[in-house]
Amino acid sequence: MAKHWADFQYEIYLNGMTGAVPRLPTDLTRLEELTARRLGPGPVGYVAGSAGDGSTARANRVALERRRIVPRMLRDVHERDLSVEVLGRPLPAPLALAPVGVLSIMHPEAEPAAARAAAAQGVPYILSSASSTPMEQVAEAMGDAERWFQLYWPKDREVARSFLDRARTAGYTALFVTLDTPLLSWRPRDLDQAYLPFLHGVGTANYFSDPAFRAGLAKPVHEDPNAAVMHFVGMFSDPAKSWPDLAFLRENWDGPIVLKGILHPDDARLAADAGMDGVVVSNHGGRQVAGSVAAADALPRVVEAVGDRLTVLFDSGVRTGDDVFKALALGARAVLLGRPYVYGLGLDGQAGVEHVIRCLLAELDLTLALSGHASPATPGPADLVEDRA
């Protein structure tokens, strides 16, 4: 019998018999405000902030909220199974934790705490290139659990090749290549605080521990940390990259490759033509292009273009279980969750991340059942209407 994620609510109610209530809110939309009250403005702004005036982040939420679920009745939802197969890997639910860098600014246990939480719940963890913990340490924290690696594609080919070799050796099975960050966007919340963790050597752990990166330094990192930071800044991303460069990745990575940041159906077709395995329909949570199309508005067109050729995943704006239902109904195979788990980490470490995962999946399980579905495979466009008000 499949696990019923919804049973988490009864666990909470039963704990209440002894006077215990959850340490964090079960309405995950409240976590951002709570984090803002407890953590400093620099870290909070870095995670919660967006490009420009925040219009894209707001549009992501509006696009999901505008779509309303149409529940169906008298369908047998007694036994439900949320498991899916993504990129050839069996998962217990259509969810993975999105790559988010520099997690040490939120909690001292940083990426390993989030990775342990994901492992404990059976959810894949996608490690950011810009993590504050080397990829090998994060892998060790996860044991045999499912883990994927996100690449910010550096200018230096040898560093890129070294990252891919290290990730493969450390047991990361899929590669997510973020395409929407060839440059950092204009982010007023960070600019107003003059806050960029990388300049302080935070979020550079994979680089500073990399032999190919260190080979480019005149002195060891600890002897001249500023020179190491500037070397990192000079190679972090490459605005000159173009579609033919994907051949390099295919030559150096033998597992699935997913392109993250796809919004236009023609780009999705180019990804399929280049032999990629999947795309993430994403606008980086509104962090890269102010005024961009909402990710949920881009999703149906991408699914229509390549849904039969590629695994289509979704992120940007997901906060609740019903958001996940809507993404599935619009054609996503699974959803990547970003900011909410980072807030959970900042508020309560590993336990906070587990709380977020369990709340989200309990709400998804209940939303599916109460809408007449026993599996993530059955919701479709007919289960939604658009509120034009």
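Residues numbered from 1 in each chain as written. Predicted model: local features only at pLDDT ≥ 70, side-chain atom pairs only at ≥ 80, totals over all residues. Heavy atoms only, no water.

Draft legend 1. Main features of helix α15 (residues 321-329). A large share of α15 lies buried, amounting to eight of its nine residues. Taken residue by residue, α15 has G321, D323, V324, F325, K326, A327, L328 and A329 as its buried positions. G331 occupies a position one or two residues after α15 and carries a positive phi of about 115 degrees. (Buried < 20%, exposed > 50% of the residue type's maximum accessible area, 1.4 Å probe, protein only. Helix = DSSP H or I, 4+ residues; strand = E, 2+ residues; numbered from the N terminus.)

Draft legend 2. The arrangement of the environment of F232 in detail. For F232, the location among the structural elements is in helix α11 (residues 225-235). Classification of F232 by relative accessible area gives buried; the value is 2%. Linking F232 and A145, residues 87 residues apart in sequence, is a C-alpha distance of 30 Å. Setting aside anything within four residues of it in sequence, one finds F232 in contact with F198, T204, Y207, F208 and F213. (Contact = heavy atoms within 4.5 Å.)

Draft legend 3. Spotlight on the pairing of strand β10 (residues 311-314). Along β10, one buried face is formed by T311 and L313 and the opposite face, lined by V312 and F314, is buried too. In this structure, strand β9 (residues 278-281) lies alongside β10, joined through four bridges in parallel fashion. If you follow V280 over to β10, its bridge partner there is L313. In this fold, the crossover linking β9 to β10 by way of helix α14 (residues 295-306) has right-handed handedness. Relative to strand β11 (residues 334-337), β10 runs parallel, the two being bridged by two bridges. (Pairing = 2+ DSSP bridges. Right-handed = clockwise from strand over helix to strand, strands pointing away.)

Draft legend 4. Focus on the side chain of R319. Relative to the elements of secondary structure, R319 occurs in the loop between β10 and α15. The side chain of R319 is buried and forms no salt bridge, while E32, the nearest opposite charge, is found at 5.3 Å. (Lys, Arg positive; Asp, Glu negative; His and termini not counted. Salt bridge = Lys/Arg side-chain N within 4 Å of Asp/Glu carboxyl O.)

Draft legend 5. Here's a closer look at the nonpolar core. Membership of the largest hydrophobic core comes to 110 residues, with the highest contact counts inside it found for Y125, F149, Y172, L249, L259, F314 and Y341. Considering each element in turn, this core owes the most residues, 14 residues, to helix α16 (residues 339-370). When residues no more than four places from it in sequence are discounted, the contact partners of Y125 are L97, L103, E111, A114, A115, A118, V138, M142, E146, R147, W148 and Y341. (Core = buried A, V, L, I, M, F, W, Y, C linked by side-chain atoms within 4.5 Å.)

Draft legend 6. Layout of a nonpolar patch on the surface. Together, Y10, Y13, L14 and M17 make up a nonpolar patch on the protein surface, roughly 560 Å² of accessible area in all. Its place among the elements puts Y13 in helix α1 (residues 8-15). (Patch = residues over 30% accessible without salt bridge, like charges linked within 9 Å, V, L, I, M, F, W, Y side chains within 5 Å. Areas by Shrake-Rupley, 256 points an atom, 1.4 Å probe, with all protein chains shown as cover.)

Draft legend 7. Representation of the packing of helix α5 (residues 110-121) against α16 in the model. Where α5 meets α16, the closest approach of the two axes is 8 Å, and the angle between their N-to-C directions is 10 degrees. On the basis of the axis angle, α5 is roughly parallel to α16. Facing α5, whose interface residues are A110, A113, A114, R116, A117, A118, A120 and Q121, α16 presents Y341, L345, Q350, V353, E354, I357 and R358. Its residues placed into classes, the contact of α5 with α16 shows ten nonpolar, two polar and three charged. (Axes fitted to C-alpha atoms, helices over the stretch in contact; angles between N-to-C directions. Parallel < 35°, antiparallel > 145°, perpendicular 65-115°, else oblique. Nonpolar A, V, L, I, M, F, W, Y, C, P; charged D, E, K, R; others polar.)

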